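# A structural walkthrough
Listed below, chain by chain, are the residues.
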Amino acid sequence: MKWALLTSFLCLLSPVLAQDTSLDEVKRAFEVANIPRDLSINFDPQVLLEVVFPEPSGAITLHAGEQLPRNATAGPPSFGAVGTDFTGPFVIAAIDPDAPTPQEPTNAQIRHFLGGNFFGRSTRIEAEFLRNSTPAISEFRQPTPPAGSDAHRYIFLLFKQPATFNDQTEITTQSPISLFNISQFAKDVGLGDPIGGTFMLVAPDA
């Protein structure tokens with residue numbers, strides 16, 4: 001019941017198909033959803049991360065905390081950033097901390113995307129899409145919360161990429177996607193705190 005009420009509250013935070021426009025609102029949405037606590041991260045965003053899902057009739061740009069139907073999340077998404085003149089490289093990660101259910105996340109975290117070497121001219125006015133110059137370590141996996149589960153949080157985080165990132169071997173294309181730990185990984189490979197992020201809620205198919 002508590003998670004259901006939280007889900008309902010988060011869905012009221014943002015209009016459908018809108019993008020994030022306020023760092024303070026994104027930070028608040030993360031805090032309301034208990035994301036910094038559950039991921040053991042310090043989240044004080046400096047950049048607005050845009051996550052855009054392609055659709056036959058257009059595109060969906062995430063607003064932190066909005067719920068999307070699963071069939072709208074096939075992706076793969078594209079990414080953009082606004083709020084800094086830093087052009088990269090960036091690392092982007094997407095994780096599900098609620099697998100198999102938010103009440104008993106025994107398989108969490110599930111790694112739904114991990115990629116480095118993203119570059120793009122991120123301005124202080126508008127977002128320009130970030131493009132990665134190398135294949136992702138973990139290609140995007142569509143959300144698949146199991147039948148009977150409450151909605152899961154799918155969290156996208158943007159990091160500045162350290163010079164040594166391409167040499168890391170802790171996570172490779174062969175690594176299991178379950179039981180991932182983004183905070184430990186960030187510490188181990190020198191990512192530091194995320195500089196941006198957003199998230200969506202996705203429930204099982206009816």
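Scroll up for the structure.
The paragraphs below set out a description of the structure included in this document. (Residues numbered from 1 in each chain as written. Predicted model: local features only at pLDDT ≥ 70, side-chain atom pairs only at ≥ 80, totals over all residues. Heavy atoms only, no water.)

## A closer look at the nonpolar core
As a reminder of what qualifies: Residues enter a nonpolar core if they are buried and are Ala, Val, Leu, Ile, Met, Phe, Trp, Tyr or Cys, with the set joined through side-chain atoms within 4.5 Å. Residue burial is assigned from relative accessible area. The probe radius is 1.4 Å, only protein chains are included, and a residue is buried under 20% of its type maximum, exposed over 50%, and partly exposed in between. Comment: elements are numbered from the N terminus, with helices defined as DSSP H or I runs of at least four residues and strands as E runs of at least two.
Core analysis: the largest hydrophobic core is formed by 30 residues, its most contacted members being Leu157, Ile182, Phe185 and Phe199. Secondary structure elements with two or more residues in this core: helix H2 (23-32), helix H3 (35-39), strand E5 (90-96), strand E8 (152-160), helix H4 (182-189) and strand E9 (196-202). The greatest single-element share of this core, amounting to four residues, is contributed by H4. Among the nonpolar cores identified, the runner-up in size contains 24 residues, and Leu49, Phe113, Ile195 and Met200 belong to it.

## Comments concerning the environment of Asn132
Filter applied, for reference: Any pair of nitrogen or oxygen atoms within 3.5 Å is treated as a polar contact; in protein, a donor-acceptor pairing is required on top of that, and neighbouring residues in sequence qualify only through side-chain atoms on both sides.
Along the chain, the position of Asn132 falls in strand E7 (residues 128-132). Of the residues examined, Asn132 reaches a relative accessible area of 33% and is grouped as partly exposed. On a C-alpha basis, the gap between Asn132 and Val91 in space is 9.1 Å, while along the polypeptide they are 41 residues apart. At a separation of 3.0 Å, a polar atom in the side chain of Asn132 contacts the main-chain carbonyl oxygen of Thr134.

## Some words on unusual backbone geometry
Pro76 follows Gly75 through a cis peptide bond whose omega is 0°. Residue position: Pro76 is located in the loop between strand E3 (66-68) and strand E4 (78-82). Its identity as a non-glycine residue notwithstanding, Ser40 has a phi of 55°, on the positive side. Relative to the elements of secondary structure, Ser40 occurs in the loop between H3 and strand E1 (48-55).

## Digging into the pattern of salt bridges
Rules: Whenever a carboxyl oxygen of Asp or Glu lies within 4 Å of a side-chain nitrogen of Lys or Arg, that contact is scored as a salt bridge.
This model, assessed by the stated rule, comprises five salt bridges. Linking Arg37 and Asp38 is a salt bridge whose minimum nitrogen-to-oxygen distance equals 3.0 Å. Asp205 is paired through a salt bridge with Arg70; the nearest N and O atoms lie 3.0 Å apart. You can see Asp205 sitting in the segment after E9 and its partner Arg70 sitting in the loop between E3 and E4, a full 135 residues away along the chain. Asp205 gets classed as partly exposed once you look at its relative accessible area, which sits at 49%. Each of Arg37, Asp38, Asp98 and Arg153 takes part in a single network of salt bridges with overlapping partners.

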